[in-house]
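Chain residues, written in single-letter form:
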Amino acid sequence: MTTNSLPSPRILMGPGPSSVTPRVLEALGRAPIGYLDPELFTMLDGLRANLRTVYGTSNEWTFPLTGTGMAGMESCLSNLLEPGDKVVIGVIGFFGARMVELARRLGAEVTVVEGEWGGVLDPDEMAKAIQQSGKLKLVGCVHAETSTGVHQPLKHIASMAHEQGALFLADAVTSLGGISVDIDNNEVDVAYSGTQKCVGAPPGLSPVTVSENAFQIVRNRKSRQSHWFFDWNLLQNYYDTPHMYHHTVPVNMLFALNEALLEIVDEGLEERFKRHRDVSAFMLSGLEELGIHPFVKAEHRLPTLNTVVIPESVVDEAAVRARLLQEFGVEIGGGLGALKGKIWRIGTMGASATLRNVLTLLGALKRVLSE
Ligand SMILES: Cc1ncc(COP(=O)(O)O)c(C=O)c1O
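Residues numbered from 1 in each chain as written. Predicted model: local features only at pLDDT ≥ 70, side-chain atom pairs only at ≥ 80, totals over all residues.

1. Re the nonpolar core
One finds Leu80, Val139, Leu167, Phe168, Leu169, Val190 and Ala191 to be the most contacted residues of the largest nonpolar core, which totals 104 residues. Examining the composition of this core, we find that 7 residues originate from one element, helix α9 (residues 251-267), more than from any other. Counting only domains with at least three residues in this core, you end up with domain 1 (11-17 + 268-370) and domain 2 (22-265). Non-local contacts of Leu167, meaning those with residues more than four positions away in its chain, are made with Leu80, Lys137, Leu138, Ala161, Asp189, Val190, Ala214 and Ile217. (Core = buried A, V, L, I, M, F, W, Y, C linked by C-beta atoms within 7 Å. Buried ≥ 20, exposed ≤ 12 C-beta atoms within 10 Å, placed from the backbone. Helix = DSSP H or I, 4+ residues; strand = E, 2+ residues; numbered from the N terminus. Domains from an automatic or database assignment. Contact = placed C-beta atoms within 7 Å.)

2. Observations concerning the site of the ligand
Taken together, 14 residues sit near the ligand, with Thr68, Gly69, Met70, Thr146 and Val173 positioned nearest. Per-element tally for the shell around the ligand: the top contributor is helix α3 (residues 69-80), with 3 residues. In the shell around the ligand, the residues fall into 7 nonpolar, 6 polar and 1 charged. (Near = placed C-beta within 6 Å. Nonpolar A, V, L, I, M, F, W, Y, C, P; charged D, E, K, R; others polar.)

3. Regarding helix α10 (residues 269-289)
Over its 21 residues, α10 extends 31 Å from the first C-alpha to the last, a length consistent with the 30 Å expected when each residue adds 1.5 Å. Those residues of α10 that fall on the buried side of the exposure criterion are Arg272, His276, Val279, Ser280, Met283, Leu284 and Leu287. The arc that holds the buried residues of α10, viewed along the axis, is 130°, so those residues lie on one side. Opposite its buried face, α10 presents the exposed residues Glu270, Glu271, Ser285, Glu288 and Glu289, each directed more than 90 degrees away. As for α10, its buried residues are in contact with α9, β11 (305-309), β14 (343-347) and α12 (355-370). Immediately downstream of α10, the backbone of Gly291 shows phi near 80°, a positive value. (Expected span 1.5 Å × (residues − 1). Arc of directions from axis to C-beta.)

4. Description of the domain arrangement of the chain
You can read the domains of the chain as domain 1 (11-17 + 268-370) and domain 2 (22-265). Measuring from the centre of the C-alpha atoms in domain 1 to the corresponding centre in domain 2 gives 27 Å. Elements that contribute at least two residues to the side of domain 1 that touches domain 2 include exactly α10 and β11. Considering every element that reaches the side of domain 1 that touches domain 2, the biggest residue donor is α10, with 4 residues. Looking at side-chain class alone, the side of domain 1 that touches domain 2 contains 14 nonpolar, 8 polar and 3 charged residues.

Here you go:
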């Protein structure tokens with residue numbers, strides 16, 4: 001690509017970003033308006049209401065944070081945690097490990113419960129760590145572990161956290177908009193996500209939801225929140241009345257997210273979740289025919305991010321991905337960390353989750369692998 005040329009069209013079937021519909025792109029391209037324009041706040045009211053619907057929550061403090069999924073993670077942890085707070089984090093992949101790293105940087109005392117990459121957390125080990133930790137502030141884990149393709153159930157861990165008087169935090173970056181997150185029924189106190197995966201907008205915003213109980217704990221912090229940009233008290237003064245300037249929100253990304261959420265509501269949540277399941281199942285059966293098998297047991301598989309074992313016959317897996325991209329415009333992802341070179345990560349998320357995309361990928365893969 002030369003400096004001024006447009007990027008080539010791509011079919012995005014990696015771990016994110018995923019493709020964006022023309023309707024969302026059109027919204028992204030509208031003329032910007034000011035960050036204090038009353039029309040922006042009218043739009044934001046609707047956007048936040050739809051975000052609550054997609055999250056499955058009545059949490060008032062549900063808002064689109066400026067920044068990607070990592071900003072969401074940092075925002076949640078930096079508001080919730082104070083130095084010395086005790087935290088239990090379940091780690092079954094790369095992104096759980098990031099949660100640990102961020103919590104430790106904030107001075108929290110973190111107990112890590114590690115599970116096998118490719119499996120879910122052991123409930124007994126989580127129970128032991130939660131019960132043995134004394135006065136516990138927070139329990140956290142990743143709902144959809146993008147590094148392994150695992151769907152981690154939340155409710156049981158959330159209940160255990162609450163019995164111990166702790167809050168429960170979930171990473172919903174690869175689940176929101178693709179599978180049910182059901183914040184209120186799953187007893188999740190705080191969650192963050194990203195716009196670029198199953199939600200159907202470009203990268204750049206992180207939808208965050210916070211229960212009133214969790215926000216009350218943040219309001220009563222003993223120490224000052226060290227991250228000014230992420231301070232929920234300051235941000236609330238912008239998103240809610242009195243709508244005071246905090247930072248120049250990326251209005252075009254807000255237009256795009258608003259449209260993406262309207263698309264989700266138009267499609268219907270259950271229909272959308274079914275589309276993700278159906279497209280994933282269709283793809284996995286097509287891959288089986290090519291001798292490519294799933295990495296994760298059926299009961300723990302995510303329909304949004306599919307991980308498959310790279311066949312032994314493939315000598316240079318990066319070259320296969322490069323050919324898919326260069327010759328067919330199809331992007332798939334390689335493994336992260338310990339799974340590098342062992343698995344491929346194939347996203348069927350948001351607007352990318354279509355039979356047409358899957359057929360293109362299967363055809364392209366068949367050709368590349370047969371040569
Ligand atoms: C589960 C999970 N958490 C957090 C992140 C970080 O999000 P971002 O890359 O948008 O900052 C990702 C990104 O892939 C993710 O998959």
